[in-house]
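Chain by chain, the residues:
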Amino acid sequence: MKRFSIALLAGAAAVVAAVGFVPQAHPVPAAAAKAFPGAEGFGTSTPGGRGGQVCTVTNLNDAGPGSLRSCVDMAGPRYVVFRTGGTIVLETRLNVVQPYLTIAGQTAPGGGITLRMDPVSPTDLGTMDVLTHDVVIRYLRFRPGNGTTGKDSDDALAIVNPGVYNVVVDHCSFSWAVDENVNTYDGSTDVTVSNSIIAEGLNNAGHPLGPHSKGFLAGGIDAHNVSIHHNLFVSNVDRNPQVSGVSVADVRNNVVYNYGDGSGNGVTLESSSKGAPRVNWVANFYKPGPGSPPDRAEFATYNGSTGPTEQWYGEGNARWTAGGILPARVAPSIGQVGTPFPAAPVTTTSAAQAYTDVLATAGASRVRDAVDARLVAEVVSGGGSFKDTAGPYPDLAAGTAPVDSDGDGMPDSYESAKGTNPKVADATGDLNGNGYDNIEDWFNSLLSTKPPAGTMAIDAGAARTRLAAVTLDLAAPDPAPDLMRFKNDGDGWSAWARYAPTTSWKLQPGDGNRTVWAQFEDANDRQSAPVSDDIVLDSTPPEVKKVKPARGATGVRRDARITLKLTEALDPASVDRHSVVLKEAASKKVRAKVTYLPGKHKIVVKPKSKLAAETTYKVKVRTTVEDLAGNPLDATKPGHRSHALTWKFHTR
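Residues numbered from 1 in each chain as written. Predicted model: local features only at pLDDT ≥ 70, side-chain atom pairs only at ≥ 80, totals over all residues. Heavy atoms only, no water.

Looking only at helices and strands, the chain features 5 helices and 44 strands. What you see for the chain is a C-alpha radius of gyration of 35 Å, clearly larger than the 26 Å of a compact globule of 652 residues, by over 25%. Among the 652 residues that make up the chain, the fraction classed as buried is 54%. The long-range share in the chain, meaning contacts at least 24 apart out of those at least 6 apart in sequence, stands at 74%. Carbon and sulfur atoms form 54% of the exposed surface of the chain, whose accessible area is close to 25,400 Å². Separation of charge centres in the chain, based on 63 positive and 65 negative side chains, amounts to 19 Å. (Helix = DSSP H or I, 4+ residues; strand = E, 2+ residues; numbered from the N terminus. Rg over C-alpha atoms; globule rule 2.2 N^0.38 Å. Buried < 20%, exposed > 50% of the residue type's maximum accessible area, 1.4 Å probe, protein only. Contact = heavy atoms within 4.5 Å. Areas by Shrake-Rupley, 256 points an atom, 1.4 Å probe, with all protein chains shown as cover. Lys, Arg positive; Asp, Glu negative; His and termini not counted. Charge placed at Lys NZ, Arg CZ, Asp CG, Glu CD.)

We now examine the nonpolar core. One finds Met128 and Phe142 to be the most contacted residues of the largest nonpolar core, which totals 55 residues. Every residue in contact with Phe142, bar those within four places of it in the chain, is listed here: Leu115, Thr127, Met128, Ile137, Ala156, Leu157, Cys172, Ser173, Phe174 and Ser175. In this structure, Val544, Ile562, Tyr596 and Val605 belong to the second largest nonpolar core, which totals 27 residues. (Core = buried A, V, L, I, M, F, W, Y, C linked by side-chain atoms within 4.5 Å.)

Our next topic: the domain arrangement of the chain. When the domains of the chain are assigned, the result is domain 1 (53-381), domain 2 (417-446), domain 3 (455-537) and domain 4 (544-651). Inter-centroid distance (C-alpha atoms) of domain 1 to domain 4 is 76 Å. (Domains from an automatic or database assignment.)

Turning next to the pattern of salt bridges. Applying the stated criterion to the full structure yields 20 salt bridges. Residue Glu521 is joined to Lys418 by a salt bridge in which the shortest nitrogen-to-oxygen separation is 3.9 Å. Within this pair, whereas Glu521 is found in strand β35 (residues 512-521), its partner Lys418 is found in helix α4 (residues 412-418), the two being separated by 103 residues in sequence. An identical accessibility class is assigned to Glu521 and Lys418; each is buried. It is possible to trace a salt-bridge network through shared partners that takes in Arg141, Arg143, Asp369 and Asp372. (Salt bridge = Lys/Arg side-chain N within 4 Å of Asp/Glu carboxyl O.)

Moving on: the sheet that holds strand β37 (residues 544-548). The strand order across the open sheet built from 4 strands is β37-β39-β42-β41, with neighbouring strands paired in antiparallel fashion. With partners counted over all chains shown, the strands left at the sheet margins are β37 and β41 (592-597), one partner each. The average undirected angle you get between the axes of adjacent strands in this sheet is 15°. (Pairing = 2+ DSSP bridges. Axes fitted to C-alpha atoms, helices over the stretch in contact; angles between N-to-C directions.)

Turning next to the side chain of Asn183. Relative to the assigned elements, Asn183 resides in strand β13 (residues 180-184). Looking at Asn183, the relative accessible area reads 0%, which means it is buried. Here the side chain of Asn183 touches Glu180 through a polar contact of 3.2 Å, side chain to side chain. (Polar contact = N/O pair within 3.5 Å; in protein donor to acceptor, adjacent residues only side chain to side chain.)

Turning our attention to the pairing of strand β6 (residues 113-117). In terms of residue burial, β6 counts as a mostly covered element, since 5 of its 5 residues are buried. Along β6, one buried face is formed by Ile113, Leu115 and Met117 and the opposite face, lined by Thr114 and Arg116, is buried too. Both strand β3 (residues 86-90) and β6 contribute to a ladder of 5 bridges, which runs parallel. Its bridge partner lying in β6, Gly86 is registered against Ile113. By the bridge criterion, 2 bridges tie β6 to strand β9 (residues 141-142) in an arrangement that is parallel. Counted as the bridge partner of Thr114 is Arg141 from β9.

To continue, consider unusual backbone geometry. Cis peptide bonds are those with omega within 30 degrees of zero, and the linkage from Asn240 to Pro241 qualifies with -15°. The omega torsion across Lys548 and Pro549 is 0°, close enough to zero to call that bond cis. Along the chain, the position of Pro549 falls in the loop between β37 and β38 (553-556). Located in the positive-phi region is Asn225, a residue other than glycine, with phi close to 60°. Residue placement: Asn225 occurs in strand β17 (residues 224-229).

With that settled, the discussion passes to the state of the cysteines. The full count for this structure, using the stated rule, is 1 disulfide. Not part of a disulfide, Cys172 finds its nearest cysteine sulfur in Cys71, a span of 16 Å. The class for Cys172 is buried, based on a relative accessible area of 0%. (Disulfide = S-S within 2.5 Å.)

Attention now moves to helix α2 (residues 351-361). Three or more residues of α2 are buried, namely Ala351, Ala354, Tyr355, Val358 and Leu359. Around the axis of α2, the buried residues are gathered within 120° of arc, so they sit on the same side. The secondary structure elements touched by the buried residues of α2 are β18 (232-234), β21 (255-257), β24 (285-287), β27 (318-321) and α3 (370-381). (Arc of directions from axis to C-beta.)

Moving on to the sheet that holds strand β30 (residues 464-465). Taken in spatial order, the 5 strands of this open sheet run β30-β36-β35-β32-β33, and their pairing is mixed. This sheet does not close on itself; its edge strands, each paired only once, are β30 and β33 (497-498). Sheet analysis places strand β32 (residues 483-488) next to β35, joined by 6 bridges and oriented antiparallel. Residue pairing for β35: Lys487 is matched across the bridge by Trp517.

The following block contains the structure:
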């Protein structure tokens, strides 16, 4: 993108007063689920192409039927899936102007997909611009390379323009751009770039400003809400990343390796060029490489075109040293605040843990190509260098696409196993009710490396039940399992059923402790370890064992207490002056205190004043008295001892 002059901040400066800003909000179409399971950051509630057509990439041509460009240019919501792997050589950049798009690069067989520019193209050296809203891009490699002429807009990926919002880029690989590897700019709002490799921005490659190895610039006029998390920055001289004018940029759990001595005074930069930026700088990890100045601070601010308006919050950032891990350094900077700026939630670990996690999975990592494998190895070994020239580009296997008889994008084998019809195009629709289209379940399942997990509670975790028919409440992390099954202790498993958050179940008959087991299965047929929950089945009503005064007793003391001994514990909430009533025979209610003694299974009725002399009294215990399982006293069952619910006695 076109750049701007800056004024470096010299020396320490006082913190300036906050400059007001209003984060921009854009409408998100109704969506039942995140952009993909586990998506975190600004804009990740976008549906992308959900509910739309399936466009299949069948060749590596620059344009024409079956090309990626034809799918990108298609109008309306759409999914892009691939039936070939390989490198697509572009004559001009791909411009995404039609909204509601999901590019599922993980569906490519063989070695996956890499985008590069035709090295003799006289017109363009950028691989893709996103110029619209609601776009999800996953598991692609963007490696534009050198060309015949360099310009200041030759980004591997640019997300730019007013009206651009809800854009999510995840698990992609960016390298060898003449300008930035990644750029979010003027007007872009609610953008996430996550779990990606951003590496080897070309240095002396013909950029009009001279040496220009740049990683990631988030900036521009009227730009808001950018999440930059869990990315791996490798061998970019500068902008690792740089935030210029964006409010709010949430920069967390990134790993930065082999940075150079670029603009400003820090590896990660915040600048007030074209706006008043607000940055959360949290738990990022920095490791110097062969090209890294030992005295370069990991973070710095500088004043741009809007003056000293930048503000930032920092916490938990760390750097590698030969002597161990130390806190990251901050160059003389202004605008530090004590609390983070509101941002979309992102699961955050320590910086040291981020180093391990990011190296394991960042980039188009379903199949890492030789470039990404080399970059990760250099981070570990301490190798690497800044590059002026792209390449070498690996040869990527085309692979063999699975059989898809109905052409709906989903393999026949998957459809047969999961209940969709391999002879009918049914990519859209939500068979398992998890909020994702059927085709999303398929291509999301390609990325799962762990067996599913979940928990179960019987009747919302109740300790007892009086009914054998219970409700099982299930909970599972995103992504939800595909199937579930159950069994009672000692019995065989039920048939597999579609996962749902609740289901009905019947316990083994007979009172006593009951255990129910559950197991989950994902779309790749991986099964969870069984989980269980216990509950006491108690279908026997409580009984009254003894009353005092006895039934029909005479000569009862006027200050006597009335007691009832029961066969089991009661629900204390069911015992009160309304459920246990003392009356004169003439039906006049006697004021009395009713107490339940749980340890003794006893109800005590103590009149507020002495009983009248030579008077008949009646005690009635209503059937609203219940045991802990909810079984009421039952006075209607023939021969049942709880006929003692009503009895009389006579005072002396």
